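Residues per chain are reported as follows:
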Amino acid sequence: MCGIFAYLNYNVNRERRYILQVLFNGLRRLEYRGYDSSGISIDDSSDPNTPQPSSSSSVSVPLVFRQEGNIESLVKSVYQEVDEKEINLEESFSIHAGIAHTRWATHGEPAPRNSHPQTSGPGNEFLVVHNGIITNYEVLKETLVRHGFTFESETDTEIIPKLAKYVFDKAKEEADQTVTFSQVVLEVMRHLEGAYALIFKSRHYPNELIACKRGSPLLLGVKELTEDVTNGSAFHNDNFLSKKGHPKELFLSSDANAVVEHTKKVLVIEDGEVVHLKDGAVSILKFDKDKGKHGGALSRVASVQRALSILEMEVEQINKGKYEHYMQKEIHEQPESLTTTMRGRLIRRGSCKSKTVLLGGLKDHFKTIRRSRRILFIGCGTSYNAALAARPILEELSGLPVTMEIASDLLDRQGPIYREDTAVFVSQSGETADTLQALDYALENGALCVGITNTVGSAIARNTHCGVHINAGCEIGVASTKAYTSQIVAMAMLALAIGGDTISNQARRDAIIDGLYDLPNKVREVLKLDQEMKDLAQLLIAEQSLLVFGRGYNYATALEGALKVKEVALMHSEGILAGEMKHGPLALVDENLPIVVIATRDSCFSKQQSVIQQLHARKGRLIVMCSQGDAASVSLGGSCRVIEVPLVEDCLQPVVNIVPLQLLAYHLTVLRGFNVDQPRNLAKSVTTQ
C-alpha cells in the first residue's frame with residue numbers, strides 16, 4: 001500500500017541536492033508496495049523575517065511537491081519547479097527534516113491535490129504523510145469545516161494536518177506555556193479512529209519530526225556518523241537514542257527496504273508509540289487515549305525506553321542482480337529460498353539416521369496444539385492458497401480437523417472461534433490489515449494464535465503466541481512467488497512437528513522429510529522449463545481468458561496459478577476445483593478457450609485423467625501438467641500440449657507444480673507489455689481494508 005519515508009540529518013552538513021536524492025531513492029525502494037502518485041516536502045531557504053517559536057533565529061518554510069504517476073514524474077517536476085523558483089540545490093543544511101510518500105488511492109482519484117504530504121493550509125504549518133485509513137474522517141471534517149477550515153482534497157488524510165493546526169492554535173490561545181510538538185500530535189491521535197502510520201512535519205517545530213502508528217507498519221533507522229565501527233558499545237548503550245550533539249542521520253520508513261542501504265540499526269515502532277526526533281535525540285512516548293481526555297490543558301506523557309535491533313538483510317537482496325525484473329529474480333531464487341526455509345529445521349540423528357523436524361518457535365506449544373478441537377488457517381490471497389495446499393497433510397498427520405478462513409470473510413461473519421482452537425495466521429508481510437484484525441478477534445476469543453510470516457518484527461510476529469518465520473528472504477515483486485513456496489514448506493514442517501513420532505505414520509514422515517531435502521533440486525530442474533513457458537506464453541498472448549483445473553493438493557495450485565496470471569498479466573483467469581467441473585464450468589469449454597489441467601501423480605490422478613477425457617470430448621484446448629513419463633497417459637493421442645514436471649511426494653508437489661505457472665504468468669506479462677513488478681491497482685502489502 002502507501003509508502004512513507006523521512007530523512008533527518010543532524011549536525012552533519014548535507015546539500016539540498018543530496019537531501020532530495022535520499023528522499024527520491026527512499027521512494028524508489030517503496031515503489032513495489034504499489035502506488036499511483038507521490039510527493040515530498042523539504043525546507044526552503046530560511047526566511048529572516050519569520051521568527052522561530054522558541055528562539056530568535058530564522059525558520060525554514062516547508063516546500064511541498066506532489067505529482068500523479070510514477071516517481072520519475074515527481075523527480076522531473078521537482079527539478080523543473082526548483083529551476084523556475086531558482087532554489088539553490090547547493091545550499092547546505094546542518095540540520096534538516098524531509099518527508100516523502102507514495103500514495104495508493106483509497107479516498108479520491110490519483111491527482112496532485114490528493115497526493116501526500118497533505119497540508120494544514122496556506123503556509124504549510126503542519127504537513128502529514130499517512131499510510132492507512134481514518135474511519136471517522138467525515139465526522140472530523142464536518143467539525144473542522146464548522147471551525148472555518150476549507151478542504152482541497154477528497155482524502156481522509158487532509159483532516160490530520162488541519163486537526164493539528166486546530167489543536168495548536170487552540171492550545172496557544174488557552175495556555176501561557178509552550179505547547180510541544182508531541183503534545184499536539186498526541187491530542188490529534190486522541191481523535192483519530194482507524195489504522196494509520198503517520199509522520200508529522202511543522203514549520204512551528206523546525207528540524208523536528210514525529211512518527212506514530214496504529215496498525216500500519218513503521219520503523220526508525222539510526223546511523224551514528226561518529227561511532228567506532230569496530231566497537232559495538234554505542235549500539236548497546238541504553239542512552240543511545242537519547243544522545244544529543246553527535247552527528248547522525250535518522251530515517252523513518254514503512255519498510256526496511258528503504259532503510260537497509262543506510263543503516264541496519266532499527267527500531268520497530270509499536271502501536272500507540274509516538275517517536276519524536278529533536279536535536280539529534282529520539283524520545284518515545286506511549287499514547288494513552290484516555291489520559292488528558294477530561295482535562296483542559298494538553299497532557300504530558302512519560303517516555304518509554306526501547307532498544308535498537310539489527311536488520312537481518314543485505315542491500316543485495318533488494319537489487320535485481322542479473323535479472324530484468326524482481327518477479328523473475330524471485331522465481332529463480334526459489335531453490336535457495338527453500339533451502340533457507342528448511343535450514344536447521346530438518347534433523348537427522350544417530351547411526352540409524354532417524355529423521356525429525358525442529359521448530360523452536362513452537363516447541364513450548366505443541367501439547368496445546370495437539371489437544372485443540374480444530375486448527376484454523378486464516379489468510380488472504382496467496383497466503384490463503386499456501387495454507388490450502390498444506391491443509392491435507394496437516395489433517396493427515398495431526399488427525400485434527402482443519403478449516404480454512406479468508407480473513408475478511410471471517411470478520412464479516414464474526415465466525416465462532418473457541419478457546420480450544422488453534423488459529424494459524426499466514427501472511428508474507430505480517431502486516432496484512434484483514435489478517436491482523438482477524439488475529440485481534442481470535443485473541444479476544446482466547447484461541448492459541450500461531451503466526452507464519454516472512455518478516456521478523458512484523459505485527460503478526462509480535463502479537464501471536466508463537467510462530468514460524470519462513471526465511472524466504474526479501475520479496476519485492478507484488479506477485480508473491482518464493483514466499484508462497486516457502487510458506488507451503490513451512491506448513492508441511494508444521495504438520496510433521498504436530499504429528500509427532502507415532503509408529504503408524506513413521507514411513508510417511510520419513511518419505512516427506514527425504515522429499516524436503518531433495519525439493520530444492522527438483523525446483524532447479526523445473527526452472528529449466530523457462531523457455532518452454534515463454535513459448536507457451538507467446539501462444540496465449542492474445543487470449544482473454546484462462547481456466548486452471550486442479551484437485552486434491554493441487555486445487556491450491558490451480559487457484560494460485562490463476563491468481564498469478566490474473567494479477568500480473570491482467571488476463572481473466574480462474575482456478576477451478578476439478579470435481580466441480582460438471583456443475584457449471586463445463587459450459588465454458590470450446591475449441592478456443594485455453595484450459596490448464598494439473599494431473600501429476602497422486603491419489604487424484606485417475607480422476608484427473610477422466611477430466612481430461614471429458615474436456616477433450618468437448619474439443620477443449622488443453623494444456624496438461626503431468627509427472628515426467630506420463631505424457632502418453634494424458635495427451636490422448638498427442639492432442640494436448642504437455643508440461644512435464646518432476647515427481648515428488650504428493651504433499652510437496654504443489655511447490656514444484658506452481659513454478660511453471662509462475663513462469664507462464666511472468667512471460668505473459670512481459671510479452672503483453674505490462675509492468676510485472678507493479679501490477680495495475682495492486683499493492684504488495686495490503687495494510688488498509
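For clarity, every value in this text was computed on a predicted model and none was experimentally measured.

Criteria and thresholds
Residues numbered from 1 in each chain as written. Predicted model: local features only at pLDDT ≥ 70, side-chain atom pairs only at ≥ 80, totals over all residues. Heavy atoms only, no water. Domains from an automatic or database assignment. Contact = heavy atoms within 4.5 Å. Buried area = accessible area lost by both parts, 1.4 Å probe. Buried < 20%, exposed > 50% of the residue type's maximum accessible area, 1.4 Å probe, protein only. Helix = DSSP H or I, 4+ residues; strand = E, 2+ residues; numbered from the N terminus. Pairing = 2+ DSSP bridges. Right-handed = clockwise from strand over helix to strand, strands pointing away. Phe/Tyr/Trp six-rings, centres within 6.5 Å; stacked < 30°, edge-to-face > 60°. Lys NZ or Arg CZ within 6 Å of the ring centre and 35° of its normal. Expected span 1.5 Å × (residues − 1). Polar contact = N/O pair within 3.5 Å; in protein donor to acceptor, adjacent residues only side chain to side chain. Disulfide = S-S within 2.5 Å. Axes fitted to C-alpha atoms, helices over the stretch in contact; angles between N-to-C directions. Core = buried A, V, L, I, M, F, W, Y, C linked by side-chain atoms within 4.5 Å. UniProt positions renumbered as here; feature names shortened; annotations may be inferred. Parallel < 35°, antiparallel > 145°, perpendicular 65-115°, else oblique. Left-handed = near helix turned anticlockwise from the far one by under 90°. Nonpolar A, V, L, I, M, F, W, Y, C, P; charged D, E, K, R; others polar.

1. Here we look at the domain arrangement of the chain
Partitioning the chain into domains gives domain 1 (3-316) and domain 2 (326-672). For domain 1 versus domain 2, the separation of C-alpha centres amounts to 40 Å. Opposite the 11 residues of domain 1 that make contact, domain 2 presents 10 residues. A combined buried area of about 720 Å² lies between domain 1 and domain 2, and 51% of that area is made up of carbon and sulfur atoms.

2. As for the pairing of strand β25 (residues 621-627)
Burial runs high along β25: 6 of the 7 residues are buried. Bridging between strand β24 (residues 594-599) and β25 involves 6 bridges; their strand directions are parallel. Bridging from a neighbouring strand, Ala599 pairs with Cys626 of β25. Viewed along the sheet, the connection from β24 through helix α18 (residues 605-617) into β25 turns out right-handed.

3. Section: the packing of aromatic side chains
For the structure shown, the criterion picks out 8 aromatic pairs. Judged by centre distance (6.4 Å) and plane angle (35 degrees), the ring pair of Phe5 and Phe251 falls under tilted. Taken as a pair, Phe5 in strand β1 (residues 3-15) and Phe251 in strand β10 (residues 248-253) lie far apart in primary sequence, 246 residues in all. Geometrically, the ring pair formed by Phe126 and Phe181 is tilted, given 6.3 Å between the ring centres and 55 degrees between the ring planes. With Phe126 in strand β6 (residues 126-134) and Phe181 in helix α5 (residues 181-191), this residue pair connects regions lying 55 residues apart in the sequence. Accessibility assignment for this pair places Phe126 and Phe181 in one class, buried. Chaining the aromatic ring pairs together yields one cluster made of Phe5, Tyr7, Tyr18 and Phe251. In this arrangement the basic side chain of Arg14 is found over the ring face of Tyr18, its NZ or CZ atom lying 4.8 Å from the centre. Above the face of the Tyr418 ring, Arg373 is positioned so that its terminal group lies 4.3 Å from the ring centre.

4. Quick look at helix α2 (residues 71-85)
Counted at 1.5 Å a residue, the expected span for α2 with its 15 residues is 21 Å, and the 21 Å between its end C-alpha atoms agrees. Taken residue by residue, α2 has Ile71, Leu74, Val75, Ser77, Val78 and Val82 as its buried positions. Measuring from the backbone nitrogen of Glu72 back to the side-chain oxygen at the start of α2 gives 3.3 Å, which picks out Asn70 as the cap.

5. Thoughts on the state of the cysteines
This model, assessed by the stated rule, comprises 0 disulfides. You can see Cys380 has no disulfide; the closest cysteine sulfur is in Cys449, sitting 15 Å from it. Here Cys640 is not disulfide-linked; the sulfur of Cys626 is the nearest cysteine sulfur, at 9.7 Å.

6. Thoughts on the environment of Gln328
Tracing the backbone shows Gln328 in helix α7 (residues 326-332). Excluding anything up to four places from it in sequence, Gln328 contacts Tyr323 and Tyr666. A distance of 3.1 Å separates a polar side-chain atom of Gln328 from the backbone nitrogen of Glu324.

7. Thoughts on the sheet that holds β25
What holds strands together in a sheet is hydrogen bonding between their backbones, with the strands either parallel or antiparallel. Taken together, 5 strands build an open sheet; the order of strands is β23-β22-β24-β25-β26 and the sheet is parallel. One side of each edge strand has no neighbouring strand; the edge strands of this open sheet are β23 (572-577) and β26 (641-645). With direction set aside, neighbouring strand axes in the sheet form an average angle of 20 degrees. The pairing of strand β22 (residues 545-550) with β23 spans 6 bridges and is classified as parallel. Each residue of the ladder has a partner; that of Phe549, found in β23, is Ile576.

8. Description of the nonpolar core
Ranked by internal contacts, the top residues of the largest apolar core, which has 90 residues, are Phe377, Leu516 and Leu519. Ranked by residues supplied to this core, first place goes to helix α14 (residues 482-499) with 13 residues. In this structure, Val82, Ala256, Tyr326 and Ile476 belong to the second largest nonpolar core, which totals 36 residues.

9. As for the UniProt feature "domain: SIS" (unreviewed entry) in the chain
The positions that UniProt labels "domain: SIS" (unreviewed entry) are, in the present scheme, residues 365-504 and 536-679. As annotated, residues 536-679 comprises 39% helix and 21% strand, and the C-alpha atoms at either end are separated by 21 Å.

10. Brief notes about the packing of helix α10 (residues 381-398) against helix α17 (residues 555-569)
Between α10 and α17, the shortest axis-to-axis distance is 8 Å and the interhelical angle comes to 160 degrees. Between α10 and α17, the angle falls in the class roughly antiparallel. Here the hand of the crossing between α10 and α17 comes out left-handed. The segment α10 lies against α17, with Gly381, Thr382, Asn385, Leu388 and Ala389 engaging Tyr555, Ala556, Leu559, Glu560, Leu563 and Lys564. Looking at the contact of α10 with α17, its residues break down into 6 nonpolar, 3 polar and 2 charged.

11. Overview of unusual backbone geometry
Cis geometry is adopted by the peptide bond preceding Pro117, which originates at His116 and carries an omega value of 5 degrees. Structurally, Pro117 is set in the loop between β4 (92-103) and β5 (118-119). The backbone phi angle of Asn11 is positive, close to 55 degrees, even though this residue is not glycine. With respect to the element layout, Asn11 can be found in strand β1. Judged by its relative accessible area of 37%, Asn11 is partly exposed. Positive phi outside glycine occurs at Glu86, with the angle close to 55 degrees.

12. Things to note about α17
Given 3.6 residues per helical turn, the α-helix brings residues three or four places apart onto the same face. A rise of 1.5 Å per residue sets the reference length of α17, with its 15 residues, at 21 Å; its end C-alpha atoms lie 21 Å apart and thus fit the reference within 8%. α17 sits mainly inside the fold: 12 of its 15 residues count as buried. Buried within α17 are the following residues: Ala556, Thr557, Ala558, Leu559, Glu560, Gly561, Ala562, Lys564, Val565, Glu567, Val568 and Ala569. Of the residues flanking the end of α17, it is Leu570, one or two places downstream, whose phi is positive at about 55 degrees.

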